[in-house]
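Here's the letter readout for the chains.
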Amino acid sequence: MRGMLLALLLVGLGYGCYGQAQAADAKEETLNGTFAWSRENGKTHPIKAVFTQTGDKTWNVVFTFKWGKDDQVWKGTATGELGNGEVKGDAKTPDGKRNFSFVGGFKDGKLDFTHKEGRNDTGTMSLKKG
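Because the structure is predicted, anything quoted here is derived from the model rather than measured. (Residues numbered from 1 in each chain as written. Predicted model: local features only at pLDDT ≥ 70, side-chain atom pairs only at ≥ 80, totals over all residues. Heavy atoms only, no water.)

A.B. asks: How should I be thinking about the overall build of the protein in this particular structure?
C.D. replies: Each helix and strand in the protein was counted, giving one helix and eight strands. Evaluated residue by residue, the protein yields a buried proportion of 28% over its 130 residues. In the protein, once contacts between residues fewer than 6 apart in sequence are set aside, the share between residues at least 24 apart is 28%. (Helix = DSSP H or I, 4+ residues; strand = E, 2+ residues; numbered from the N terminus. Buried < 20%, exposed > 50% of the residue type's maximum accessible area, 1.4 Å probe, protein only. Contact = heavy atoms within 4.5 Å.)

A.B. asks: Looking at this structure, how should I read the pattern of salt bridges?
C.D. replies: If charged atoms from side chains of opposite charge come close, those side chains can pair. Applying the stated criterion to the full structure yields seven salt bridges. A salt bridge links Glu 29 to Lys 129; the nearest nitrogen and oxygen atoms lie 3.8 Å apart. Here Lys 129 lies in strand S8 (residues 120-129) and Glu 29 lies in strand S1 (residues 28-37), a separation of 100 residues in the sequence. The exposure class of Glu 29 is buried, given its relative accessible area of 13%. We classify Lys 129 as partly exposed; its relative accessible area is 45%. Residue Lys 110 pairs with Asp 112 through a salt bridge whose shortest N-O separation is 4.0 Å. Lys 110 gets classed as partly exposed once you look at its relative accessible area, which sits at 36%. (Salt bridge = Lys/Arg side-chain N within 4 Å of Asp/Glu carboxyl O.)

A.B. asks: Mind showing me how you'd approach empty space enclosed by the protein here?
C.D. replies: The gaps of empty space that remain are located by a probe, the size of a water molecule, rolled over the atoms. A complete count under the given rule lists one cavity of 30 Å³ or more for this structure. Volume-wise, the largest cavity comes out at about 120 Å³. Forming the boundary of the largest cavity are Phe 35, Trp 37, Ile 47, Phe 63, Phe 65, Trp 74, Ala 91, Phe 100, Phe 102, Phe 113, His 115 and Met 125. Mapped by element, the contributors of at least two residues to the lining of the largest cavity are S1, strand S3 (58-67), strand S6 (99-107) and strand S7 (110-117). Looking at the lining of the largest cavity residue by residue, the class counts come to 11 nonpolar, one polar and no charged. (1 Å grid on protein atoms, 1.4 Å probe; cavity = no way out; pocket = protein on both sides within 12 Å on 5 of 7 lines; lining within 4 Å. Points joined across faces, edges and corners; volume = space filled by probe spheres on them. Nonpolar A, V, L, I, M, F, W, Y, C, P; charged D, E, K, R; others polar.)

A.B. asks: Just checking my understanding: could you explain the sheet that holds strand S5 (residues 84-92) for this structure?
C.D. replies: Strand-to-strand pairing in sheets goes through backbone hydrogen bonds, with the strands running parallel or antiparallel. On the basis of which strands lie adjacent, the closed barrel formed by eight strands has the order S1-S2-S3-S4-S5-S6-S7-S8 and antiparallel pairing. Here the strands of the sheet are splayed against their neighbours by 30 degrees on average, with no regard to which way each runs. (Pairing = 2+ DSSP bridges. Axes fitted to C-alpha atoms, helices over the stretch in contact; angles between N-to-C directions.)

A.B. asks: Help me out: how do you make sense of the layout of surface pockets in this one?
C.D. replies: Looking at the largest pocket, its volume works out to about 180 Å³. Contributing to the lining of the largest pocket are 13 residues, with Trp 37, Arg 39, Trp 74, Arg 98 and Phe 100 lying nearest its centre. Breaking the lining of the largest pocket down by element, the ones donating at least two residues are S3, strand S4 (70-81) and S8. Classifying every residue of the lining of the largest pocket by side-chain character gives five nonpolar, four polar and four charged.

A.B. asks: How should I be thinking about the environment of Lys 57 in this particular structure?
C.D. replies: One can find Lys 57 in the loop between strand S2 (44-55) and S3. When the C-alpha atoms of Lys 57 and Ala 78 are compared, they prove to be 8.3 Å apart, with 21 residues separating the residues in sequence. With residues up to four places along the chain from it excluded, the contact list for Lys 57 reads Ala 78, Thr 79, Gly 80 and Glu 81.

Given below as structure tokens:
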């Protein structure tokens, strides 16, 4: 009985250490750029996006920007390989009442994509590392 408890304790500690090591190895990418709302005829606003890897080509993403006088933090998820190919995902407004989807791709080190709310095109975004 004592040996079984010791074995379970060691297995539990091993899994705990493995999980901590994976969390410490999570890749994080910060992209900066601009976004434009369709209704503003091309006017751009600065934005930062922080992508934190959650698995193979899966990410949590946090967009931070200023809208009017208010600081905004929109959170969501994305799939794709940062730096190469298509990236798509979604993000919610701070109150969680509105959801925006986005899709685009990397070209020449820059991620360009369009965003929508439901079926309505809402604008574009252009981001790059740094």
